[in-house]
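Chain by chain, the residues run as shown.
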Amino acid sequence: MYFFEDVIEEIEKNILNDIDIDVLAKKSNMSVYEFRRIFSFLAKIPVSEYIRKRRLSLAALEMIEKKSSVTEIALKYGYDSASSFSRAFKEFHGVVPSEINEAKTKFKMISKIKNEIITSGGTLIDYKVFKKEEFTLSGVSFESQLSDTECCEDAWNAFYTDEKSSDLINNNENIFVVYTNDDDSVRCFFGNKDFCCEEKLTVPASFWVSLTVNNTDDEYINQIYNKILGEWLISSGYKRNPALPNIEVFPSDMSDENFSWEIWIPIIKER
């Protein structure tokens, strides 16, 4: 596997250019047949499909930013027309470029393969990237020690037993949970935008990446955070905005075993 890092970096460096599989094979001291076979075995995806999906992943990020036309982005990523690009884009992402709404459209990101853990890259990650203006939440906050066996266990227990929380739970609005880290604890603010409680928290304007989750198992959630922070950010050209907290968005009714909720990570563009 010693050749793999050089191959991946060569692909990333030339992602906007024609990538000759023969050249990649020679760099790996293999025949084209051997190279294709070994790449597919290690990456769990054929090399040509990996290149195509990486291009479409990066193209989606440019479409979100809306700094270039569909035709310009199509040509940039190797398509000879906007129509052929749109067909490929829809096949991968499920929508054509003209249907993109940054606040509602989900995209797929095939992450850059990492050499040290081959199977951790090249996986599909469904996500949304959107800009949200400053907003203010009303609610209650509790502290949880970092030594909790489960994430913010003390804070969630306090939330469900505190009388003020009933206003949040009973008004049928999404509950935003904002996590602010201290040295040895986490301040967890539970609120929504209906101004039901005296305590307020203002979240500054930012771009966010969000993933939808249908599981509350702590180990699974850690895996989701790893996908965002360890794969998506590395592959997207964004980095986490350290000035803002993470947010989780829950429905007011969490009685269904497989209810849907979202993880929001604040992001800024890499320079």
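Parameters at a glance
Residues numbered from 1 in each chain as written. Predicted model: local features only at pLDDT ≥ 70, side-chain atom pairs only at ≥ 80, totals over all residues. Heavy atoms only, no water. Axes fitted to C-alpha atoms, helices over the stretch in contact; angles between N-to-C directions. Helix = DSSP H or I, 4+ residues; strand = E, 2+ residues; numbered from the N terminus. Parallel < 35°, antiparallel > 145°, perpendicular 65-115°, else oblique. Left-handed = near helix turned anticlockwise from the far one by under 90°. Contact = heavy atoms within 4.5 Å. Salt bridge = Lys/Arg side-chain N within 4 Å of Asp/Glu carboxyl O. Buried < 20%, exposed > 50% of the residue type's maximum accessible area, 1.4 Å probe, protein only. Pairing = 2+ DSSP bridges. Nonpolar A, V, L, I, M, F, W, Y, C, P; charged D, E, K, R; others polar. Polar contact = N/O pair within 3.5 Å; in protein donor to acceptor, adjacent residues only side chain to side chain.

## A look at the packing of helix 1 (residues 4-13) against helix 4 (residues 47-65)
For step 1, the next point in the chain: Contact geometry for helix 1 and helix 4: axes closest at 11 Å, N-to-C directions at 40°. Classified by the angle their axes make, helix 1 and helix 4 are oblique. Crossing hand, helix 1 versus helix 4: right-handed. Touching Ile8, Ile11 and Glu12 of helix 1 are Val47, Tyr50, Ile51 and Arg54, all from helix 4.

## Some thoughts on the pattern of salt bridges
Where side chains of opposite charge bring their charged atoms close, a pairing between them can arise.
For step 1, the next point in the chain: Using the criterion set out here, one finds seven salt bridges in the structure.
For step 2, the next point in the chain: In this structure, Glu10 engages Lys13 in a salt bridge whose closest nitrogen and oxygen atoms are separated by 3.6 Å. Of this pair, Glu10 and Lys13 both sit in helix 1, three residues apart, which is roughly one turn of that helix.
For step 3, the next point in the chain: Assessed through its relative accessible area of 18%, Glu10 is described here as buried.
For step 4, the next point in the chain: Among the ionic pairs, Glu49 bridges to Lys53, the shortest N-O distance being 2.5 Å. With Glu49 and Lys53 both in helix 4 and four residues apart, the pair spans about one turn of that helix.
For step 5, the next point in the chain: For Lys53, a relative accessible area of 14% gives the class buried.

## As for the pairing of strand 9 (residues 246-250)
For step 1, the next point in the chain: By the criterion of burial, strand 9 is predominantly enclosed, with five of the five residues buried.
For step 2, the next point in the chain: Of the two faces of strand 9, both are covered, the one formed by Asn246, Glu248 and Phe250 as well as the one formed by Ile247 and Val249.
For step 3, the next point in the chain: Where strand 4 (residues 175-181) lies against strand 9, five bridges are found, and the strand directions are antiparallel. Residue pairing across strands places Tyr179 opposite Asn246, the latter belonging to strand 9.

## Looking at the packing of helix 3 (residues 32-43) against helix 4
For step 1, the next point in the chain: Two numbers describe how helix 3 lies on helix 4: the axes approach to 8 Å, and their chain directions differ by 60°. On helix 4, the residues touching Phe35, Arg36, Phe39 and Ser40 of helix 3 are Val47, Ser48 and Tyr50.
For step 2, the next point in the chain: For the contact of helix 3 with helix 4, the residue count by class is four nonpolar, two polar and one charged.

## What to know about the environment of Tyr179
For step 1, the next point in the chain: Counting through the fold element by element, Tyr179 comes out in strand 4.
For step 2, the next point in the chain: Along the backbone, Tyr179 and Tyr238 are 59 residues apart, and their C-alpha atoms lie at a distance of 21 Å.
For step 3, the next point in the chain: Each residue touching Tyr179, except ones within four places of it in the same chain, is listed here: Cys152, Trp156, Val186, Arg187, Cys188, Pro245, Asn246 and Glu248.
For step 4, the next point in the chain: At 2.8 Å, the side chain of Tyr179 forms a polar contact with the side chain of Glu248.

## Re the side chain of Glu262
For step 1, the next point in the chain: Tracing the chain through its elements places Glu262 in strand 10 (residues 261-269).
For step 2, the next point in the chain: Look at Glu262 and you get buried, because its relative accessible area is 18%.
For step 3, the next point in the chain: A polar contact is formed between the side chain of Glu262 and the side chain of Lys128, at a distance of 3.2 Å.
For step 4, the next point in the chain: Once you skip the residues sitting within four places of it in the chain, Glu262 turns out to touch Lys128, Ser210, Leu211, Thr212, Ile247, Glu248 and Val249.

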